[in-house]
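Descriptive analysis of the structure
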Amino acid sequence: MIVDLPEKFSMEGVAVIENGILKIMRYIAFSDIMYELTYQMKGRNICGYCKKEKEKKKMTLDHMYPQELGGPTIPNNLLPCCKKCNRTKGNLTSKEFRKYLKKKQEEKGKYLEKVQKHQEKLKKKGKYHIPIDWIEERKVSDLKLLWTPNYSDTKYKKVRKYYEETGMFKKIVIVDRNNQILSGAVSYIVAKKMKLKTITVIPLENVELTV
Ligand SMILES: [Zn+2]
């Protein structure tokens, strides 16, 4: 997939856009680069849901497709919004949340129940709740992890347990145009240890790790 990028972008010594490609030159949390890109493109102080202007400390970034359902931390899936809206939104997608906001007070509870059931069903089927054209299956052996992720044994066990229960990794592996892992390293490590042949990834065709 193609990540939404601004025409110009630069994070001193970390990342730069050249000929439409985001080049990442140093290992820092991938999400920090994605947050900065999003703010530069979508603004920092207007809530994407209630449209109110807020102070910076009352703003946050919402995952339009929730992380719980596989929603990645990339600008295409991030929306600056106020903390209040983000709290109310919970695990709804942005589309569901907009519908929810329009419902009459007495209909809201029922609507939430319906959405919850739908999400449970997807989870049971081992299906992500994100656009299908964002993801691809890749051979685990084709992926390259060139940095050392920092994670605990507890985290490893949690990721593995979730996979064993649902057949999916909640945090989808994100790779650059050369199959280098940008995010989701623990999911990849679990997949490798479990000797899985393939894994679902989000390939970012206009991102390149050049470390
Ligand atoms: Zn708001």
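Keep in mind that what you see is a predicted model, and the values were worked out from it rather than measured. (Residues numbered from 1 in each chain as written. Predicted model: local features only at pLDDT ≥ 70, side-chain atom pairs only at ≥ 80, totals over all residues.)

Things to note about the overall build of the chain
On a plain count of helices and strands, the chain comes out with six helices and 10 strands. Against the 2.2 N^0.38 benchmark of 17 Å for 211 residues, the chain shows a C-alpha radius of gyration of 18 Å, consistent with a compact globule. The dimensions of the chain, computed from C-alpha atoms along their principal axes, are 50 × 40 × 30 Å. Evaluated residue by residue, the chain yields a buried proportion of 29% over its 211 residues. Contacts spanning at least 24 positions in sequence make up 68% of the contacts within the chain whose residues lie at least 6 apart. (Helix = DSSP H or I, 4+ residues; strand = E, 2+ residues; numbered from the N terminus. Rg over C-alpha atoms; globule rule 2.2 N^0.38 Å. Buried ≥ 20, exposed ≤ 12 C-beta atoms within 10 Å, placed from the backbone. Contact = placed C-beta atoms within 7 Å.)

A closer look at unusual backbone geometry
Backbone geometry places K51, a non-glycine residue, at a positive phi of 65°. Here K51 lies in the loop between α1 (30–42) and β4 (59–63). Residue classification places K51 among the exposed residues on the basis of 10 C-beta atoms within 10 Å.

A short note on the sheet that holds strand β6 (residues 136–139)
Reading across from one edge, β6-β9-β7-β8 is the order of the four strands in this open sheet, with mixed pairing throughout. Among the strands making up the open sheet, the edge pair consists of β6 and β8 (181–183). On average, adjacent strands in this sheet sit at an angle of 55° to one another, irrespective of strand direction. Across three bridges, the pairing between strand β7 (residues 173–175) and strand β9 (residues 198–203) is parallel. The residue of β9 that forms the bridge with V175 is P203. (Pairing = 2+ DSSP bridges. Axes fitted to C-alpha atoms, helices over the stretch in contact; angles between N-to-C directions.)

A few points about the domain arrangement of the chain
Per the domain assignment, the segments making up the chain are domain 1 (10–124) and domain 2 (132–205). Look at where the C-alpha atoms of domain 1 and domain 2 centre, and you get two points 22 Å apart. Facing the seven residues of domain 1 at the interface are eight residues of domain 2. Within the side of domain 1 that touches domain 2, the residues separate by chemical class into three nonpolar, two polar and two charged. (Domains from an automatic or database assignment. Nonpolar A, V, L, I, M, F, W, Y, C, P; charged D, E, K, R; others polar.)

A short note on the nonpolar core
Note on soluble globular proteins: their nonpolar side chains tend to be buried together. Counting residues in hydrophobic clusters, the biggest one holds 34 residues, and the most contacted among them are V173, I174, V175, L182 and V201. Within the residue set of this core, elements represented by two or more residues are β3 (21–24), α1, β7, β8, α6 (185–193), β9 and β10 (207–209). The element contributing the most residues to this core is α6, with five residues. Of the residues that make up this core, three or more belong to each of domain 1 (10–124) and domain 2 (132–205). The next biggest cluster of nonpolar side chains, apart from the first, holds five residues, and it includes C47, C81, C82 and C85. (Core = buried A, V, L, I, M, F, W, Y, C linked by C-beta atoms within 7 Å.)

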